[in-house]
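# Tertiary structure, described
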Amino acid sequence: IDLSAKLWHVRRNEDVLMEEDDDDDDNDDDTTTITNTTKNTNTPYTISEAHHLKGHKARLCSVAFHPMKQHVVTTSFDHTWRLWDVETGSQLLLQDGHVKETYGVGMHPDGSLCSTTDFGGVVQVWDLRSGKSACHFLVSTEIEREILFV
């Protein structure tokens with residue numbers, strides 16, 4: 001099992017032309033078919049690895065992007081979660097605090113809080129500004145363990 005996560009660069013190839021087919025002869029609905037016309041490649045995108053995020057000691061469970069897209073959070077069966085810098089791939093924060101395997105993660109829309117869940121039913125809410133746990137509570141059902149900020 002790979003114990004890491006990868007971030008990827010996805011770039012649109014400049015030498016790929018996208019043509020729209022608006023021919024309604026064969027189409028009874030309002031969809032538009034897009035076909036690729038290429039000069040040097042068969043794909044409109046180039047995908048390359050940006051960063052390989054290593055550090056967890058057990059399998060990864062969840063990944064969530066910070067609302068500002070500057071950071072990404074990973075959770076793992078090693079009972080930890082980590083905050084990573086998307087631009088550099090460096091680890092910014094390593095938090096333990098779960099007794100069971102950590103699997104769920106959610107980000108508050110303003111980016112200040114992060115929630116993590118574990119298989120013991122514990123939800124931790126973390127203040128990303130201080131790096132400390134703001135509160136924690138126990139939930140009883142699988143649905144409640146998937147805490148997402150609204």
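Because the structure is predicted, anything quoted here is derived from the model rather than measured. (Residues numbered from 1 in each chain as written. Predicted model: local features only at pLDDT ≥ 70, side-chain atom pairs only at ≥ 80, totals over all residues. Heavy atoms only, no water.)

## Some remarks on the sheet that holds strand β10 (residues 113–118)
Judged by pairing direction, the sheet is antiparallel, and its four strands sit side by side in the order β9-β10-β11-β12 without closing on themselves. At either end of the open sheet lies a strand with only one pairing partner, and these are β9 (102–107) and β12 (132–138). Direction aside, neighbouring strands of the sheet carry axes that sit 20° apart on average. Here β9 runs beside β10; their pairing, made up of five bridges, is antiparallel. Within β10, the residue paired with G106 across the bridge is S115. (Pairing = 2+ DSSP bridges. Helix = DSSP H or I, 4+ residues; strand = E, 2+ residues; numbered from the N terminus. Axes fitted to C-alpha atoms, helices over the stretch in contact; angles between N-to-C directions.)

## Observations regarding a nonpolar patch on the surface
A contiguous nonpolar patch, built from W8, V10, Y45 and I47 and spanning about 450 Å² of accessible area, is present on the exposed surface. Of all the elements in the fold, those that place two or more residues in the nonpolar patch are β1 (5–12) and β4 (45–53). Tracing the chain through its elements places I47 in strand β4. (Patch = residues over 30% accessible without salt bridge, like charges linked within 9 Å, V, L, I, M, F, W, Y side chains within 5 Å. Areas by Shrake-Rupley, 256 points an atom, 1.4 Å probe, with all protein chains shown as cover. Salt bridge = Lys/Arg side-chain N within 4 Å of Asp/Glu carboxyl O.)

## A closer look at the sheet that holds strand β6 (residues 71–76)
The strand order β5-β6-β7-β8 describes an open sheet built from four strands, whose pairing is antiparallel. Among the strands making up the open sheet, the edge pair consists of β5 (60–65) and β8 (91–96). Across this sheet, the average inter-strand angle for adjacent strands is 15°, counted without regard to direction. Across five bridges, β5 lies against β6 in antiparallel orientation. Looking at the pairing, S62 lines up with T75 of β6.

## Focus: the pattern of salt bridges
A full pass over the atoms with the stated rule returns two salt bridges. One salt bridge in this structure joins E49 and K6, with 3.4 Å as the shortest N-O distance. Of this pair, E49 sits in strand β4 while K6 sits in strand β1, and the two are 43 residues apart along the sequence. Look at E49 and you get partly exposed, because its relative accessible area is 37%. Taking the shortest distance from any N to any O, the salt bridge between D127 and R129 comes out at 2.9 Å. (Buried < 20%, exposed > 50% of the residue type's maximum accessible area, 1.4 Å probe, protein only.)

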